Amino acid sequence: MRAVITVIGKDKVGIIAGVSNILAESDVNILDITQTILQDVFTMIMLVDISHCNIPFHDISHKLESKGVEMGLKIQIQHEDIFNSMHRI
């Protein structure tokens, strides 16, 4: 099962490390990642494999959201099928 993680906020040191540490601790594999900085706004989208995640989806979502609050970012994770349905034209 796959999920999409989005990160948006003011650029600062440690964003990718903060997110990837949570994923590594939870046995979530990063399949693809794209990130860019638009002026001083950091944006990142990650496609991750949550098949072997060692905590419930709700808990990893909460950890990522909490890390976002801590760093002044908006971090969300969605199941891939929900993400695709929301962004279908």
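Residues numbered from 1 in each chain as written. Predicted model: local features only at pLDDT ≥ 70, side-chain atom pairs only at ≥ 80, totals over all residues. Heavy atoms only, no water.

Sorry if this is basic, but what is going on with the overall build of the chain here?
Of regular secondary structure, the chain possesses three helices and four strands. Order of helices (α) and strands (β) in the chain, N terminus to C terminus: β-α-β-β-α-β-α. Projected onto the principal axes, the alpha-carbon positions of the chain cover approximately 35 × 35 × 20 Å. The proportion of buried residues among the 89 residues of the chain is 34%. Put simply, of all contacts in the chain between residues at least 6 apart along the chain, 67% involve residues at least 24 apart. Carbon together with sulfur atoms contributes 55% to the accessible area of the chain, which is approximately 5,600 Å² in total. Both charge centroids of the chain, one from 7 positive and one from 11 negative side chains, sit 5 Å from each other. (Helix = DSSP H or I, 4+ residues; strand = E, 2+ residues; numbered from the N terminus. Buried < 20%, exposed > 50% of the residue type's maximum accessible area, 1.4 Å probe, protein only. Contact = heavy atoms within 4.5 Å. Areas by Shrake-Rupley, 256 points an atom, 1.4 Å probe, with all protein chains shown as cover. Lys, Arg positive; Asp, Glu negative; His and termini not counted. Charge placed at Lys NZ, Arg CZ, Asp CG, Glu CD.)

Honestly, a nonpolar patch on the surface in this entry has me stumped. Any pointers?
A cluster of nonpolar side chains, contributed by Ile-8, Leu-38 and Val-41, occupies part of the molecular surface with about 260 Å² of accessible area. Residue position: Val-41 is located in strand E3 (residues 41-49). (Patch = residues over 30% accessible without salt bridge, like charges linked within 9 Å, V, L, I, M, F, W, Y side chains within 5 Å. Salt bridge = Lys/Arg side-chain N within 4 Å of Asp/Glu carboxyl O.)

Please explain unusual backbone geometry as it appears in this structure.
Peptide bonds are trans in most cases, and residues, glycine excluded, mostly fall at negative phi. Its identity as a non-glycine residue notwithstanding, Asp-27 has a phi of 60 degrees, on the positive side. Its location among the elements puts Asp-27 in the loop between helix H1 (15-25) and strand E2 (29-38).

Can you walk me through the pairing of E2 in this structure?
When a strand is regular, its side chains alternate between the sheet's two faces. Here E2 runs beside E3; their pairing, made up of nine bridges, is antiparallel. For Ile-33, the partnering residue across the bridge sits in E3 and is Met-46. (Pairing = 2+ DSSP bridges.)

Which parts of the structure should I look at to understand the packing of H1 against helix H2 (residues 57-71)?
Geometry of a packed helix pair, given as the angle between the helix axes and the separation of the axes. Two elements in contact, H1 and H2, have axes separated by 10 Å at closest approach and are oriented at 160 degrees. Classified by the interaxial angle, the pair formed by H1 and H2 is roughly antiparallel. When the axes of H1 and H2 are compared, the crossing they make is right-handed. Note on element contacts: H2 touches H1 through Ile-60, Lys-63, Leu-64, Lys-67 and Met-71, opposite Ile-15, Gly-18, Val-19, Ile-22 and Leu-23. (Axes fitted to C-alpha atoms, helices over the stretch in contact; angles between N-to-C directions. Parallel < 35°, antiparallel > 145°, perpendicular 65-115°, else oblique. Left-handed = near helix turned anticlockwise from the far one by under 90°.)

Is there a simple way to explain the confidence of the model for the chain in this structure?
The predicted structure's coordinates, where accompanied by low pLDDT, should not be read in detail. On average, residues of the chain carry a pLDDT of 94, and 92% of them reach 70 or more. Across the chain, the element-wise mean pLDDT spans from 70 in helix H3 (residues 80-86) up to 98 in H2. (pLDDT = per-residue confidence, 0-100.)

Help me out: how do you make sense of the side chain of Ser-26 in this one?
Position of Ser-26 among the secondary structure elements: in the loop between H1 and E2. For Ser-26, a relative accessible area of 1% gives the class buried. Those residues in contact with Ser-26 that lie beyond four places of it in its chain are His-52, Cys-53, Asn-54, Ile-55 and Ile-60.

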